[in-house]
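Topology and contacts: notes
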Amino acid sequence: MSELLQRPRTGTRIRVAVTFDDGYFDNIDVAMPILRQYGIPITWFVATDFIDNADLVPWWDLIDLTLAECYEPVEFTVDGIKGIYDPTVVADRQWLNTRLRMILKSTGLLQRDAIIEDMRYAISRQYTLPTNSYAREEEIKSVLQGGDIELGGHTGSHPNVALCSSDELKAEINRGKIRLEKISGQSLNWFAYPFGGRGAFSPSAAKAVQEAGFNGACSLVSGTVSMKTEKYMIPRYAISPNMTMETFKARVLGAPLYAGLESLRSSISMSSVRKYGKGFVG
Ligand SMILES: [Zn+2]
């Protein structure tokens, strides 16, 4: 990312920066050997609590575990209401897979942690919780020796920063930054907002990231980078595991076209907001 953002564009070729979020071990175990074969450097945004505590399984992996491994109803409390969810029932699976993900993305730290604690207990009654699949400190240090990975901040516990209090924001951003700087021995330039979509960052989060000393921050709002890009809202295109090679190519090569269409779409939705005087969530 530093290379892309600090060197002005020459010519008309599309330039791409590759980033990975979270810090999973397969990023270095599976992806890095392939990327190195082609000489492609990456920026790696790592949420540090998971690399430091192997028993801390992120909630999205706990949901996947419930869906894959639990054959008895699990019981946990959401929004103060105790629910019983049977992973063998289609409607309950859908609830776990979509509604619960949405709830956990849009709750503050305390409520999130209470739900996670309940989930851990419920799952561990019928399945032995594994350790998480994140890279460990020594593995990160070792892969950094290649000189082609730039670490980036991604908080400590991967919260929705738009919902954090200012104290929580500072603690999350700084904990991640200090930890990664200790591992790499280098100062961090870039940050990526956890989840990263609209509603997962805010002006106060951008300010906190800037105050922590980052040069810029990535979202997961689709778009290309230009001279006009706001440095604390750098857009990215998400590449999902179920994307076909054709879709991937179209997405990368057609990125400038997508960006044009999206800015047109957002200017249309802005004008309809003005017209009807409704607020919209951004
Ligand atoms: Zn993330």
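Residues numbered from 1 in each chain as written. Predicted model: local features only at pLDDT ≥ 70, side-chain atom pairs only at ≥ 80, totals over all residues.

**Some remarks on the overall build of the chain**
The criterion, for reference: In DSSP terms, a helix is any run of H or I states spanning at least four residues, a strand is any run of E spanning at least two, and both are numbered starting from the N terminus. By definition, residue pairs are in contact when their C-beta atoms, positioned from the backbone, come within 7 Å.
Counting its regular elements, the chain contains eleven helices and seven strands. Of the contacts formed within the chain by residues at least 6 apart in sequence, a portion of 67% connects residues at least 24 apart.

**Considering the environment of Ser142**
Looking at the element boundaries, Ser142 is found in helix α7 (residues 137-144). Put simply, Ser142 and Ser184 are 42 residues apart on the chain and 9.9 Å apart in space, counted from C-alpha to C-alpha.

**Re the pairing of strand β3 (residues 74-78)**
Short version of the rule: Here, a strand pair is defined by DSSP locating no fewer than two bridges between the strands.
Relative to strand β4 (residues 81-85), β3 runs antiparallel, the two sharing five bridges. In the sheet register, Val78 faces β4, and the bridge partner there is Ile81. The turn linking β3 back onto β4 is made up of two residues, and Asp79 within it adopts a positive phi angle of 55 degrees.

**Thoughts on the confidence of the model for the chain**
For clarity, the threshold we go by: On a range of 0 to 100, pLDDT expresses the predictor's confidence in each residue.
For the chain, the mean per-residue pLDDT works out to 88, and 89% of the residues sit at or above 70. For the chain, the element scoring lowest by mean pLDDT is helix α11 (residues 255-276), at 58; strand β6 (residues 190-192) scores highest, at 98. Long-range and interchain partners of residues 272-282, a stretch whose pLDDT sits below 50, account for five contacts in this model, where long-range means more than four residues apart.

**Topic: the packing of helix α8 (residues 166-184) against helix α9 (residues 203-211)**
So the rule is basically this: Every axis in this analysis is a line fitted to C-alpha atoms, fitted for helices over the stretch in contact. Angles between the N-to-C directions lie between 0 and 180 degrees. By the definition adopted for this analysis, an angle is roughly parallel if under 35 degrees, roughly antiparallel if over 145, roughly perpendicular if from 65 to 115, and oblique otherwise. Two helices crossing with the near one rotated counterclockwise from the far one by less than a right angle form a left-handed crossing, whereas a clockwise rotation gives a right-handed crossing.
Remark: α8 packs on α9, axes separated minimally by 10 Å, with the N-to-C direction vectors making an angle of 40 degrees. When the axes of α8 and α9 are compared, the pair comes out oblique. As for how α8 packs across α9, the hand of that crossing is right-handed. Side by side, α8 and α9 meet where Ser166, Leu169, Lys170 and Ile173 of the first sit next to Ser204, Ala205, Ala208 and Val209 of the second.

**A word on the nonpolar core**
Inclusion rule: The nonpolar core is taken to be a set of buried Ala, Val, Leu, Ile, Met, Phe, Trp, Tyr and Cys residues joined by way of C-beta atoms within 7 Å. Here the C-beta atoms are placed from the backbone, and a residue counts as buried if at least 20 other C-beta atoms lie within 10 Å of its own, exposed if 12 or fewer do, and partly exposed otherwise.
Counting residues in each nonpolar core, the largest one holds 39 residues, and the members touching the most others are Tyr193, Ala205, Val209 and Ala217. Secondary-structure elements contributing two or more residues to this core are β2 (42-46), α3 (48-52), β5 (149-153), α8, β6, α9 and β7 (216-218). Excluding its chain neighbours within four sequence positions, the residues that come into contact with Ala205 are Val161, Ala162, Leu169 and Tyr193. Core analysis: the second largest hydrophobic core is formed by twelve residues, Phe76, Tyr85, Leu96 and Met119 among them.

**Focus on unusual backbone geometry**
With phi around 100 degrees, Asp22 is a residue other than glycine that occupies positive phi space. Structurally, Asp22 can be placed in strand β1 (residues 18-22). By C-beta crowding, Asp22 is classed as buried, having 20 other C-beta atoms within 10 Å. A positive phi angle, near 70 degrees, is found at Phe195, a position not held by glycine.

**Some details on the environment of Ile28**
In this structure, Ile28 sits in helix α2 (residues 25-37). If near-sequence neighbours (up to four positions away) are discounted, Ile28 is found in contact with Ala135, Glu139 and Val143.

**Examining the environment of Phe214**
Within the secondary structure layout, Phe214 lies in the loop between α9 and β7. Spatially, the C-alpha atom of Phe214 lies 9.9 Å from that of Ile173, the residues being 41 residues apart in sequence. Residues in contact with Phe214, not counting those within four places in the same chain, are Gly153, Leu188, Asn189, Trp190, Phe191 and Val209.

**With respect to the pairing of β1**
Quick reminder of the rule: When the strands point away from the viewer and the path from the first strand over the helix to the second turns clockwise, the crossover is right-handed.
Note that β1 and β2 share five bridges and pair parallel. When the sheet's bridge partners are listed, Thr19 is paired in β2 with Thr43. For the handedness criterion, the β-α-β arrangement of β1, α2 and β2 is classed as right-handed.

**Digging into the packing of helix α4 (residues 59-69) against helix α6 (residues 109-124)**
To keep things clear, this is the line we draw: Note on residue categories: nonpolar means Ala, Val, Leu, Ile, Met, Phe, Trp, Tyr, Cys or Pro, charged means Asp, Glu, Lys or Arg, and polar means any other residue, Gly included.
At a minimum axis distance of 11 Å, the contact between α4 and α6 shows a crossing angle of 30 degrees. Classified by the angle their axes make, α4 and α6 are roughly parallel. Where α4 crosses over α6, the handedness of that crossing is left-handed. Contacts between α4 and α6 involve Trp59, Leu62, Leu65 and Thr66 from the former and Ile116, Met119, Arg120 and Ile123 from the latter. A class-by-class count of the residues in the contact of α4 with α6 yields six nonpolar, one polar and one charged.

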